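Fold and geometry: a report
Each chain, written out:
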Amino acid sequence: MRVAFVGKGGAGKSSLAGAFARLLARTGERVLALDSDPMPGLAFALGTPGSDAGLPDDVVEEYEEDGRRRYRLRAGLTGSGVIERYAVQGPDGVRFLQLGKARGPRWDNTPAHFGFQRVLDDLPGEGWSIVGDLPGGTRQPFMTWGRYASTFLVVVEPGPASLLTGRRLTRLAAMAGSPRVLAVANKVHGSDDARRVAEGTGLPVVGAVPFDPGVAAAARAGVPLLDQAPDGPAAAAVRCLVEALRSREAA
Amino acid sequence: MLGQLEQPGGIIVADFEAGLGTVLRLGDTPVDVVVVVVEPTAASLEVGRRAAESVTLAGLGRVVVVANRVRDDADEQRVRAAFPSCEVAVVPEDEAVVTAERQGVAPLDAAPDAPAVGALAGLATRLLRAQAA
């Protein structure tokens, strides 16, 4: 399974992606969680130790092509090798790899940025499930940062701004070779909200996560949802989402 | 474009993309105030700290922190502790704002007397006074 969580900023991508990755790992799958956002987020939701560290600059080497500077993984290094070496161990056996986090006004991550992208181009296949958390908005998902995904989960709140982002992502997906794109309605207050998300985005809604005070409590405490409110309605809904995606994969 | 908009008596309010990439490219055109909006969650406070630090180091403008969706004193203290040297404006969690956003209506139109709207009006007044001083 290769899944990327996308949507408007604040829709709940990181919280859901972190819980999803851990619950998927609990089914016995070998899970790699990828955080492509230069701002911290997924590490909190997963419960991995906080760190800014991404890939070291020397994972890539520069070369010239048609007079332009380009980057590739250094000789002898593969995407799988990078993951073995640099992905950190998270709860439930999830491996976690992140783009290095932004710090300071003149932050330059050019080598690490390209290194991360080269790893995305060469992710391990057989035996791994990939769960990616992308930055909010429409700029990146279907270009370089999300191209590894076979399924995009658009996290949508039942409000006009979030629905609009969902519609735009749907259109962009169609222009990008139509990968499988599904909606996850988040912070819903009733079945009517899930219907609004379906109608507002034009996407099949594969999961509906109810509004759950446990999510806010976890975020305030900086604790993963699965540790703060494992028996709450939001965690239960993410379990259903994992099962729904696994069933689709198996079909 | 932002640089060309400035004119005497005019006020520009810009809503930036999440993160730091866009705001830091303002480098050559500093602004009067950079409002860093945070929620009292661990991730949001961490992102806000980085934003405030970067804006300050880059000399972009005075940082004012807006603590949004504050429920209680503990929330407010969490934000103040994260930004000990910044001015902090508190906007309470307000169901009227949630409802307005779900309806696609500006909170100022839907609920002009709501506590969150009042807090933002107070912030606007403070910023204008500081500008005039």
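First, a word on scope: everything that follows refers to the structure included in this document. Note that the structure is a prediction, hence the values are computed from the model and not measured. (Residues numbered from 1 in each chain as written. Chains lettered and ligands numbered in written order. Predicted model: local features only at pLDDT ≥ 70, side-chain atom pairs only at ≥ 80, totals over all residues. Heavy atoms only, no water.)

**Comments concerning the packing of aromatic side chains**
Residue and element names in this part refer to chain A. Scanning all chains against the criterion turns up two aromatic pairs over all chains. Their ring planes at 70° and their centres at 5.5 Å tell us that Phe 5 and Phe 20 sit as a pair that is edge-to-face. Here Phe 5 is found in strand 1 (residues 2-7), whereas its partner Phe 20 is found in helix 1 (residues 13-26), with 15 residues between them in sequence. Comparing Phe 5 with Phe 20 shows no difference in burial state: the two are buried. On the numbers, 4.9 Å between centres and 15° between planes, the contact of Tyr 71 with Phe 114 is stacked. Linking Tyr 71 in strand 4 (residues 68-73) with Phe 114 in helix 4 (residues 110-121), this pair joins segments that are 43 residues apart in sequence. Overall, Tyr 71 belongs to the buried group, its relative accessible area being 8%. For Phe 114, a relative accessible area of 27% translates into the label partly exposed. Looking at Arg 72, its charged tip hangs above the ring of Tyr 63, at a distance of 4.2 Å from the centre. (Phe/Tyr/Trp six-rings, centres within 6.5 Å; stacked < 30°, edge-to-face > 60°. Helix = DSSP H or I, 4+ residues; strand = E, 2+ residues; numbered from the N terminus. Buried < 20%, exposed > 50% of the residue type's maximum accessible area, 1.4 Å probe, protein only. Lys NZ or Arg CZ within 6 Å of the ring centre and 35° of its normal.)

**Observations regarding a nonpolar patch on the surface**
On the surface, a cluster of nonpolar side chains totalling about 350 Å² of accessible area is made up of Ile11(B), Val13(B) and Leu128(B). Relative to the assigned elements, Ile11(B) resides in the loop between helix 1 (2-5) and helix 2 (21-24). (Patch = residues over 30% accessible without salt bridge, like charges linked within 9 Å, V, L, I, M, F, W, Y side chains within 5 Å. Areas by Shrake-Rupley, 256 points an atom, 1.4 Å probe, with all protein chains shown as cover. Salt bridge = Lys/Arg side-chain N within 4 Å of Asp/Glu carboxyl O.)

**A few points about the interface of chain B and chain A**
By a widespread convention, an interface's size corresponds to the accessible area lost as its parts come together. At the interface, 23 residues of chain B touch 22 residues of chain A. When chain B packs against chain A, the two sides together hide about 1900 Å² of surface, and 52% of this comes from carbon and sulfur. At the boundary of chain B with chain A, the tally comes to two salt bridges. Among the salt bridges present, the one from Asp193(A) reaches Arg102(B), with a minimum N-O distance of 2.7 Å. At the boundary of chain B and chain A, one finds five residue pairs in polar contact (both at pLDDT 80 or more). (Contact = heavy atoms within 4.5 Å. Buried area = accessible area lost by both parts, 1.4 Å probe. Polar contact = N/O pair within 3.5 Å; in protein donor to acceptor, adjacent residues only side chain to side chain.)

**Considerations on the sheet that holds strand 8 (residues 151-156) of chain A**
Residues and elements named next belong to chain A. Taken together, the eight strands give an open sheet; going across it, the order is 5-6-2-7-1-8-9-10, and neighbouring strands pair in mixed fashion. Edge positions in the sheet fall to strand 5 (88-89) and strand 10 (205-210), since each has one partner strand and no second. Helix 5 (residues 160-175) contacts strand 1, strand 8 and strand 9 (180-188) of the sheet and is inclined by roughly 165° relative to strand 8. (Pairing = 2+ DSSP bridges. Axes fitted to C-alpha atoms, helices over the stretch in contact; angles between N-to-C directions.)

**Looking at the pairing of strand 1 of chain A**
All names here are of chain A. When you tally the buried positions in strand 1, you get five out of six residues, the bulk of the element. Bridging between strand 1 and strand 7 (residues 129-133) involves four bridges; their strand directions are parallel. Pairing of Phe 5 across the sheet is with Asp 133, part of strand 7. With five bridges joining them, strand 1 and strand 8 adopt parallel strand pairing. Of the residues in strand 8, the one forming a bridge with Ala 4 is Phe 152.

**Considering the sheet that holds strand 3 (residues 87-92) of chain B**
Residue and element names in this part refer to chain B. The sheet built from three strands is open, its strands ordered 1-2-3 with parallel pairing. Each end of this open sheet is capped by a strand with a single partner; those strands are strand 1 (33-38) and strand 3. With strand direction ignored, the average angle separating the axes of adjacent strands in the sheet is 25°. Relative to strand 2 (residues 62-70), strand 1 runs parallel, the two being bridged by six bridges. In the sheet register, Val 36 faces strand 2, and the bridge partner there is Val 65. Strands strand 1 and strand 2 of the sheet are contacted by helix 3 (residues 42-58), whose axis makes an angle of about 170° with strand 1. Sheet strands touched by helix 7 (residues 115-132): strand 1, strand 2 and strand 3. Its angle to strand 3, the strand with the most contacts, is close to 155°.

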